[in-house]
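# Reading the structure
One letter stands for each residue in the lines below.
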Amino acid sequence: MTSIPKRIAALFRTKANKALDRAEDPREVLDYSYAQQQELLQKVRRGVADVATSRKRIDLQINQLRLSGGKLEGQAQQALAAGREDLAREALTRRTGVASQLTDLEAQRSSLQAEEEKLTLASQRLEAKVDAFRTRKETIKATYTAAEAQTRITEAVTGIGEEMGDVGLAMQRAQDKTEELQARAGALDELLASGALEDATLPAGRDDIQAELERVTAGQDVDKELARMKAELPASATPPALEGKGTEEGPPDREATS
């Protein structure tokens, strides 16, 4: 049975991995990897340069020893010509020591030259790999950027994204609230029309009977005003329709005949 601390540690690692995965940008990781490879390539190149410098120093020492050996041989010949065999022997003895040093330096130079060639080849291979990685890195970055942009556009269009999702929820809430207010207003209008609710803007004590009486009174006032205006019209301005109507309905009015 797994202990509680182990389960907590596993849960923490899972949460941490998810958080890191969300925060990780592949483009930044690729750039960092490329920078690391560039740094490694620079170290290899410095190593090649150091080996080449050491080989050059040994080449200079070898040339100096060869000159020294040639000089000692010439001195031995001069000593023999002068009858100084002892000096000739000493010169030849020193020349033997120089030759021994020369042999050691030549061996070191061969070793350094082989190491230089090896490092140069490794540097060339590494440089080719770094260049290939750089090309691949830029391709992946461009593809990732395009995919990211396409994903954001698609999320914006479909409303799947967090921001657009919030906007969609806000619009839905506003629509629901509007429909609720419209339904409430319609219900109140029906209640007012049926008389179940009183209009608070009307004077106190006003009821439906009073309203009907006022409507009838207003209609009568309109009829009276219309009749007065007709009476004030001159006889020549009487509309033909009215004159024809009076002829068809019966004999002319006595007052009008007289």
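Definitions and limits used
- Residues numbered from 1 in each chain as written.
- Predicted model: local features only at pLDDT ≥ 70, side-chain atom pairs only at ≥ 80, totals over all residues.
- Heavy atoms only, no water.
- Helix = DSSP H or I, 4+ residues; strand = E, 2+ residues; numbered from the N terminus.
- Buried < 20%, exposed > 50% of the residue type's maximum accessible area, 1.4 Å probe, protein only.
- Contact = heavy atoms within 4.5 Å.
- Areas by Shrake-Rupley, 256 points an atom, 1.4 Å probe, with all protein chains shown as cover.
- Phe/Tyr/Trp six-rings, centres within 6.5 Å; stacked < 30°, edge-to-face > 60°.
- Lys NZ or Arg CZ within 6 Å of the ring centre and 35° of its normal.
- Salt bridge = Lys/Arg side-chain N within 4 Å of Asp/Glu carboxyl O.
- Expected span 1.5 Å × (residues − 1).
- pLDDT = per-residue confidence, 0-100.
- Core = buried A, V, L, I, M, F, W, Y, C linked by side-chain atoms within 4.5 Å.

## Details of the overall build of the protein
Scanning the protein from N- to C-terminus turns up seven helices and zero strands. In the protein, buried positions account for 11% of the 258 residues. Long-range pairs, those at least 24 residues apart, make up 74% of the contacts in the protein with a sequence separation of at least 6. Roughly 20800 Å² of accessible area belongs to the protein as shown, and the carbon and sulfur atoms make up 56% of that amount.

## A short note on the packing of aromatic side chains
Counted by the stated rule, this structure contains one aromatic pair. Centroid distance Tyr34 to Phe133: 6.4 Å. Interplanar angle 10 degrees. Geometry classified as stacked. Remark: Phe133 occurs in helix 3 (residues 85-158) and Tyr34 occurs in helix 2 (residues 26-81); sequence separation between them is 99 residues. The side chain of Lys137 reaches across the aromatic face of Tyr34, ending 5.1 Å from its centre.

## Some thoughts on the pattern of salt bridges
As enumerated under the stated definition, the model contains 16 salt bridges in all. Measuring nitrogen to oxygen at the nearest pair gives 3.2 Å for the salt bridge that ties Glu90 to Arg94. Taken together, the residues span about one helical turn, with Glu90 and Arg94 both in helix 3 at a distance of four residues. Residue Arg152 is joined to Glu148 by a salt bridge in which the shortest nitrogen-to-oxygen separation is 3.2 Å. Of this pair, Arg152 and Glu148 both sit in helix 3, four residues apart, which is roughly one turn of that helix. Residue class for Glu148 comes out partly exposed when judged on its relative accessible area of 22%. Through salt bridges that share partners, Asp25, Arg27, Glu148 and Arg152 make up one connected network.

## Some words on helix 2
Its 56 residues place the ends of helix 2 83 Å apart at the C-alpha level, agreeing with the 82 Å of an ideal helix rising 1.5 Å per residue. Trailing helix 2 by a residue or two, Gly83 shows a phi angle of about 80 degrees, which is positive.

## Topic: the confidence of the model for the protein
On average, residues of the protein carry a pLDDT of 78, and 70% of them reach 70 or more. Taken together, the stretch residues 242-258 has pLDDT below 50 and engages in three contacts with residues farther than four places along the chain or on a different chain.

## Thoughts on the side chain of Ser123
For Ser123, the position within the fold is in helix 3. Ser123 sits in the buried class, given a relative accessible area of 9%. The contacts of Ser123, once residues within four sequence positions are left out, are Leu41, Val44, Arg45 and Val48.

## Some thoughts on the nonpolar core
Among the nonpolar cores identified, the biggest contains seven residues, and these are Ile58, Ile62, Leu65, Leu72, Val98, Leu102 and Leu105. Of all the secondary structure elements, the ones that give two or more residues to this core are helix 2 and helix 3. Here this core takes four residues from helix 2, the largest share from any one element. If sequence neighbours within four positions are ignored, Ile62 has contacts with Leu102, Leu105, Glu106 and Arg109.

## Topic: the environment of Arg45
Locating Arg45 in the fold gives a position in helix 2. Among the residues examined, Arg45 registers a relative accessible area of 32% and is labelled partly exposed. Spatially, the C-alpha atoms of Arg45 and Gln124 are 9.3 Å apart, while their sequence positions differ by 79 residues. Setting aside residues up to four positions removed in sequence, Arg45 forms contacts with Ser123 and Glu127.

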